[in-house]
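Coordinates in review
Residue-level listing of the chains:
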Amino acid sequence: MFRKLKQVFSEAIGKLSETLSTKELSYDEFEKVFHEFEMSLIEADVAYDVVQLIKKSLADELVGNRIGRFSSSSEYVKSVFTKSLKDLLNRGIYAGDLIAEIKSAVKPYVIVFMGVNGVGKTTTIAKFAYLLRSNGLSSVVVASDTFRAGAQEQLELHSKRLGIPFIGGKYRSDPAAVAKDGVIYASKNRVDVALIDTAGRMHTDVDLMNEVRKVIKVVKPNMRILILDALTGNDAVSQATWFDSQVGVDAVILTKADADVKGGSALSIIMSLGKPIIYLGVGQNYDDLIPYNPEVILKRMLDLNT
Ligand SMILES: Nc1nc2c(ncn2[C@@H]2O[C@H](COP(=O)(O)OP(=O)(O)O)[C@@H](O)[C@H]2O)c(=O)[nH]1
Ligand SMILES: [Mg+2]
């Protein structure tokens, strides 16, 4: 994760501090240095709009500044990068603690997971059930994906491995009815959380969009979580806009961050999403779901404390 970005940032910090150590930085000079940096960012899959955000934020701090003769320009430039990137990453923070919220809420707490095909919905539900259990919370997984062949079996297999209850439905049966069954099961059996899986849908698919809308209407979830794949960059941002306008999105889980070796794709999604990110998926194991934490990302990108 963020391997390529780390190299790009480190080079940019080097170049800018060299210039700053000899003279005050004019906007033209900043642009000249940034131009090269801009290319490398784009090569690392950072979206153009996000490059511009970073550029503006850095220019605001650096242009017109001069470093005192005895202070270190590289320390200064690094601190400017840290602040700028931190501000942008903080946009993705979820203001709360989901586990604590679930603990104090009326049970069952209901979460609907949505997203396009293959982003990692089913896998993430299994990881989340595992996380809940590690926090002393029980859950039931509910396969409201009655559409894709094998979807029921995939979730059921996870439920067996994890030793948690599973509620499913027949192929092509009404997803909203299955979701409702899951919530009723949770109420009757005093299960803390119902985790509802839905069929993957492209935003262009009107029928499937109506279906997820119906699921939401019927179970009235506490949380509508959109799953996005870190590798899909700008497309993930449009998916989020679309789902939000159609059914509403409370928070996002960004999967496959481990597979985004360069890091620019994940970074772009985080910085331009306009939705809180609660967790990052960082692998295929049950414990590969980590809270979104700007500090951790910042440390990796800027090689802080190492
Ligand atoms: N490397 C990696 N792979 C993931 C992650 N999350 C899901 N996957 C993989 O992505 C593929 C699709 O996942 P699945 O849960 O079936 O997606 P769904 O169609 O949205 O339900 C599977 O091969 C998963 O193992 C992740 O965080 N990292
Ligand atoms: Mg699935």
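The model shown is predicted, which means the values in this text are computed figures rather than measured ones. (Residues numbered from 1 in each chain as written. Chains lettered and ligands numbered in written order. Predicted model: local features only at pLDDT ≥ 70, side-chain atom pairs only at ≥ 80, totals over all residues. Heavy atoms only, no water.)

Once that is clear, we can look at the site of ligand 1. Around ligand 1, a shell composed of 15 residues is seen, among which Gly118, Lys121, Thr123, Asp258 and Gln284 lie nearest. Val119 places a main-chain nitrogen or oxygen 3.3 Å from an oxygen atom of ligand 1. Considered on its own, ligand 1 offers 590 Å² of accessible surface; in the complex 80% of this is hidden by protein. Across the shell around ligand 1, the residue classes tally to three nonpolar, eight polar and four charged. (Near = heavy atom within 4 Å. Polar contact = N/O pair within 3.5 Å; in protein donor to acceptor, adjacent residues only side chain to side chain. Areas by Shrake-Rupley, 256 points an atom, 1.4 Å probe, with all protein chains shown as cover. Nonpolar A, V, L, I, M, F, W, Y, C, P; charged D, E, K, R; others polar.)

Ranked by internal contacts, the top residues of the largest apolar core, which has 105 residues, are Phe81, Ile111, Phe128, Leu195 and Met301. By residue number, the principal contributor to this core is helix H1 (residues 3–22), which donates seven residues. Excluding residues within four positions of it along the chain, Met301 makes contact with Phe2, Leu5, Lys6, Phe9, Leu85, Leu89 and Leu267. (Core = buried A, V, L, I, M, F, W, Y, C linked by side-chain atoms within 4.5 Å. Buried < 20%, exposed > 50% of the residue type's maximum accessible area, 1.4 Å probe, protein only. Helix = DSSP H or I, 4+ residues; strand = E, 2+ residues; numbered from the N terminus. Contact = heavy atoms within 4.5 Å.)

Topologically, Ser268 is positioned in helix H11 (residues 264–272). Separated by 2.8 Å, the side chain of Ser268 and the backbone nitrogen of Ala47 make a polar contact.

Another aspect to go through is H1. Across its 20 residues, H1 extends 30 Å between first and last C-alpha, which sits within 8% of the 28 Å expected from 1.5 Å per residue. For H1, the complete set of buried residues consists of Leu5, Val8, Phe9, Ala12, Ile13, Leu16, Ser17, Thr19 and Leu20. Viewed end-on, H1 has its buried residues packed into an arc of 160 degrees, placing them on one side of the element. For H1, exposure combined with an orientation more than 90 degrees from the buried face picks out Arg3, Glu18 and Thr22. Buried-residue contacts for H1 involve helix H2 (27–43), helix H3 (48–62), helix H4 (73–90), H11 and helix H12 (294–302). (Expected span 1.5 Å × (residues − 1). Arc of directions from axis to C-beta.)

Applying the stated criterion across every chain yields a total of nine aromatic pairs. Between the aromatic rings of Phe9 and Phe81, the centroid separation amounts to 6.1 Å while the plane-to-plane angle is 80 degrees, which identifies the pairing as edge-to-face. With Phe9 in helix H1 and Phe81 in helix H4, this pair connects stretches of sequence that are 72 residues apart. Phe81 shares its class with Phe9; the two are buried. (Phe/Tyr/Trp six-rings, centres within 6.5 Å; stacked < 30°, edge-to-face > 60°.)

Attention now moves to the domain arrangement of the chain. For the chain, the domain assignment lists domain 1 (3–90) and domain 2 (98–292). Here the C-alpha centroids of domain 1 and domain 2 sit 37 Å apart. Across the contact, 14 residues belong to domain 1 and twelve residues belong to domain 2. Buried area between domain 1 and domain 2, both sides added, is near 1100 Å², and the carbon and sulfur share of it is 65%. Of all residues in domain 1, the largest losses of buried area upon contact with domain 2 belong to Asp45, Val50 and Leu89, amounting jointly to 40% of the total for that side. Inspection of the region where domain 1 meets domain 2 yields one salt bridge. Note that Asp45 is salt-bridged to Lys262, the shortest N-O span being 3.9 Å. Where domain 1 touches domain 2, the interface holds seven residue pairs in polar contact (both at pLDDT 80 or more). At the level of elements, H1, H3 and H4 are the ones that each hand at least two residues to the side of domain 1 that touches domain 2. In terms of residue class, the side of domain 1 that touches domain 2 is made up of ten nonpolar, no polar and four charged. (Domains from an automatic or database assignment. Buried area = accessible area lost by both parts, 1.4 Å probe. Salt bridge = Lys/Arg side-chain N within 4 Å of Asp/Glu carboxyl O.)

Here we come to the packing of H1 against H4. Remark: H1 packs on H4, axes separated minimally by 8 Å, with the N-to-C direction vectors making an angle of 130 degrees. Comparing the axis directions of H1 and H4 gives the class oblique. Like other packed secondary-structure pairs, H1 and H4 cross with a definite hand, here right-handed. Where H1 abuts H4, its residues Phe9, Ala12, Ile13, Leu16, Ser17, Leu20 and Ser21 lie against Ser73, Ser74, Tyr76, Val77, Lys78, Phe81 and Leu85. Residue composition of the contact of H1 with H4, grouped by class: nine nonpolar, four polar and one charged. (Axes fitted to C-alpha atoms, helices over the stretch in contact; angles between N-to-C directions. Parallel < 35°, antiparallel > 145°, perpendicular 65-115°, else oblique. Left-handed = near helix turned anticlockwise from the far one by under 90°.)

Look at helix H6 (residues 121–134): 20 Å from first C-alpha to last across 14 residues, which is about the 20 Å you get at 1.5 Å a residue. Within H6, ten of the 14 residues are buried, leaving the element largely enclosed by the surrounding structure. Among all positions in H6, only Lys121, Thr122, Thr124, Ile125, Ala126, Lys127, Phe128, Ala129, Leu131 and Leu132 are buried. Directly beyond the C-terminal end of H6, a positive phi value near 75 degrees is found at Gly136.

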